[in-house]
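# Chains, contacts and geometry: an overview
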Amino acid sequence: MRKIIIFDTTLRDGEQTPGVSLNKEEKVEIAKQLEAAGVDVIEAGFPITSNGDFEAVSAIAKEIKNCTVAALARANKKDIDRAWEAIQWANKPRIHTFIATSDIHMEFKLKMQPEEVLKKAKEMVAYAKSLCDDIEFSPEDGSRTRPEFLYEVLETVIDAGATVLNIPDTVGYSTPGEFGAFIKGIKENVKNIDKAKISVHCHNDLGLAVANSLAAMENGADQIECAVNGLGERAGNAALEELVMAINTRKDYFNCETGVNTERIHRLSSLTSRTTGVMIQPNKAIVGANAFAHESGIHQHGVLSNRMTYEIMTPESIGLKDNVMVLGKHSGRHAFEDRIIELGYSLDKEKINEAFIKFKELADRKKQILDEDIEALIHEEVIEINEKYILKDFHTTTGNQIRSTSTVKVVSEDEIFEEAAIGDGPINSIFRAIERSLGEEMELLDFSIKSITAGRDALGDVRVLVAKNGKKFVGKGISTNIIEASARAYLNAINKYKNSIE
Ligand code: KIV
Ligand code: ZN
């Protein structure tokens, strides 16, 4: 069977999802889970874009041992130097450099002639090669590039040292038949193509990213770029879980395989959703809440007689298992630590201690602690700890005949902020009190709440999307008290905004 290289770009293109911004700890945690899942390449970020991203890419390069760690750079020396500075520590580093090659991008965005683009691509690939052995080159808007020009660019960059040629369908315009033929054309017309691997990077504007990637694979692509939960610019990238499960479930048809352990998919998907704040639609293929639910009586009857009647893959194959009560108030530190390891986390002693304290606090309020509760607790309370402003305490009164009132005490390392506000409902009043206390007014674009598990004492999981100065920030908060969860989510978003302006 042909082995397909899985290149994950959740931490780079995925982070370009509107409203998503990950801190260093969050990026490292997702990278560790990607490595544990067996992806081949992790695109850790775009180091020139911010110091924060540079630090996160360097940390991932130092932490990850088994995957290639790639960093993105435009085709200029400054970007390439910064990318190399960040990934030089990696066991297997890769510089990924790109320049647009379609007529429309060259004329209106780059304002460059095709010959200049060709020269730049050649020089910058050669420059990147002087720093790093493994060089990926992407002709941006590749699928809308004139084939003859594209062949020339690809041949030139292979001669300059590119090891991987990534063909992006940047605007998600292509269709499976067309994109497959496009890849075939490259294989047949680029003279030195046997000296490099072919990769594809498809966007999902027409909902065809996975289909286009599979068509490219059938026509000779060696590597597929994708993102967990299909995150990415606009409508996102090809979804990792859909690609991997399609290749795995239809081995008989594709005769291809990946190195991904499919049983890690569910965990990877929920970690990514929790960390990015982007919820998964219930009917999403593979990882949506309904993906393995059978509603109609006819289907249920069939599944009870033989699962294969309506199930082409099992829930277990993506790592879904029945909710089991794992821990409670009387569980000890060892049981808790064992459970964390079983869930796939590698936390140091200090973080395990912190998590254990939070676990005990939760166990006082909630009888049965399930895996999902532990995962939520680790993400919100232990991994995402770089919060400058913390909600110390609050008080809210509400009713149907009175306006809601909230008072809050928010603390930072050296200051205490206390304020009160009224509002239409408890959530509105507590958001206003937080805004007043920190002297920041945000625009609330979206608010959602769901319970993490079933039961009246379940943890409430709140996500908010706020905007300020033209930028969007996702905030997350959990608590058995939904007003507290909301306040923490709002403060989390404000913290992200404040970090972005420091
Ligand atoms: O969509 C795109 O073209 C990209 C490139 C940088 C590969 O993300
Ligand atoms: Zn992209």
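All values reported here derive from a predicted model rather than from experimental measurement.

Take the overall build of the protein chain next. On a plain count of helices and strands, the protein chain comes out with 17 helices and 16 strands. The C-alpha atoms of the protein chain give a radius of gyration of 24 Å, which matches the 23 Å a tight globule of 502 residues would have. Over its C-alpha atoms, taken along the principal directions, the protein chain stretches across nearly 75 × 60 × 45 Å. In the protein chain, buried positions account for 54% of the 502 residues. Taking as baseline every contact in the protein chain between residues at least 6 positions apart, the subset at least 24 positions apart corresponds to 66%.

As a further point, take the sheet that holds strand 14 (residues 443–451). One open sheet holds the 3 strands; their spatial order is 14-15-16, and the pairing between them is antiparallel. Only two strands of the sheet have a single neighbouring strand rather than two, namely strand 14 and strand 16 (471–479). Between one strand and the next, the sheet's axes are offset by a mean angle of 15 degrees, whatever the strand orientation. In this structure, strand 15 (residues 460–468) lies alongside strand 16, joined through 9 bridges in antiparallel fashion. When the bridges of strand 16 are listed, Val466 appears paired with Phe473. On the sheet, helix 17 (residues 482–501) packs against strand 14, strand 15 and strand 16 and is oriented at approximately 145 degrees with respect to strand 16.

For the zinc ion (ligand 2), every protein donor is listed as Asp13 (OD), His201 (NE2) and His203 (NE2), and the spread of their distances is 2.0 to 2.1 Å. Of note, the zinc ion (ligand 2) draws all its donor residues from one chain, in the sequence arrangement D-x187-H-x1-H. With a gap of 188 residues between them, Asp13 in the loop between strand 2 (5–8) and helix 1 (24–37) and His201 in strand 8 (residues 197–202) connect regions that are remote in the sequence. A single burial state applies to Asp13 and to His201, both of which are buried.

Another aspect to go through is the domain arrangement of the protein chain. Looking at the assigned domains, one finds that the protein chain contains domain 1 (2–276), domain 2 (333–383) and domain 3 (390–501). For domain 1 and domain 2, the distance between their C-alpha centroids amounts to 35 Å. The interface is formed by 10 residues belonging to domain 1 together with 10 residues belonging to domain 2. The junction of domain 1 with domain 2 conceals about 870 Å² of combined surface from both sides, 47% of it contributed by carbon and sulfur atoms. The three residues of domain 1 that bury the most area against domain 2 are Glu29, Arg267 and Arg274, which together make up 54% of that side's buried surface. Connecting domain 1 to domain 2 are 1 salt bridge. Between Glu375 and Arg267 there is a salt bridge; the shortest N-O distance is 3.9 Å.

Attention now goes to the UniProt feature "binding site: Mn(2+)" (unreviewed entry) in the protein chain. On the UniProt side, "binding site: Mn(2+)" (unreviewed entry) is annotated at positions that read Asp13, His201, His203 and Asn237 here. Considering the C-alpha atoms alone, the annotated residues occupy 225 residues of sequence yet fold into one spot, their largest mutual distance being 10.2 Å. Structurally, His203 can be placed in the loop between strand 8 and helix 8 (209–218). Residue His203 is classed as buried on the basis of its relative accessible area of 4%. Not counting residues within four places of it along the chain, the set of residues in contact with His203 comprises Asp13, Asp169, Thr170, Gly172, Ala209, Glu233, Arg234, Gly236 and Asn237. In this fold, Asn237 is placed in the loop between strand 9 (223–226) and helix 9 (240–249). Aside from chain neighbours lying at most four places away, what touches Asn237 is Thr9, Asp13, His201, Cys202, His203, Asn204, Ala209, Ala227, Gly230, Leu231 and Gly232.

The next thing to look at is the packing of helix 3 (residues 77–87) against helix 5 (residues 114–131). Viewed as axis vectors pointing N to C, helix 3 and helix 5 meet at an angle of 25 degrees, and their least axial separation amounts to 10 Å. In terms of orientation, helix 3 and helix 5 fall into the roughly parallel class. You can see that helix 3 and helix 5 cross each other, and the crossing is right-handed. In contact with Lys77, Ile80, Asp81 and Trp84 of helix 3, helix 5 contributes Met124, Tyr127, Ala128 and Leu131. Residue classes in the contact of helix 3 with helix 5 are distributed as 6 nonpolar, no polar and 2 charged.

What counts as what
- Residues numbered from 1 in each chain as written.
- Chains lettered and ligands numbered in written order.
- Predicted model: local features only at pLDDT ≥ 70, side-chain atom pairs only at ≥ 80, totals over all residues.
- Heavy atoms only, no water.
- Helix = DSSP H or I, 4+ residues; strand = E, 2+ residues; numbered from the N terminus.
- Rg over C-alpha atoms; globule rule 2.2 N^0.38 Å.
- Buried < 20%, exposed > 50% of the residue type's maximum accessible area, 1.4 Å probe, protein only.
- Contact = heavy atoms within 4.5 Å.
- Pairing = 2+ DSSP bridges.
- Axes fitted to C-alpha atoms, helices over the stretch in contact; angles between N-to-C directions.
- Donors = N, O, S within 2.8 Å, 3.2 Å for Na, K, Ca; no water.
- Domains from an automatic or database assignment.
- Buried area = accessible area lost by both parts, 1.4 Å probe.
- Salt bridge = Lys/Arg side-chain N within 4 Å of Asp/Glu carboxyl O.
- UniProt positions renumbered as here; feature names shortened; annotations may be inferred.
- Parallel < 35°, antiparallel > 145°, perpendicular 65-115°, else oblique.
- Left-handed = near helix turned anticlockwise from the far one by under 90°.
- Nonpolar A, V, L, I, M, F, W, Y, C, P; charged D, E, K, R; others polar.

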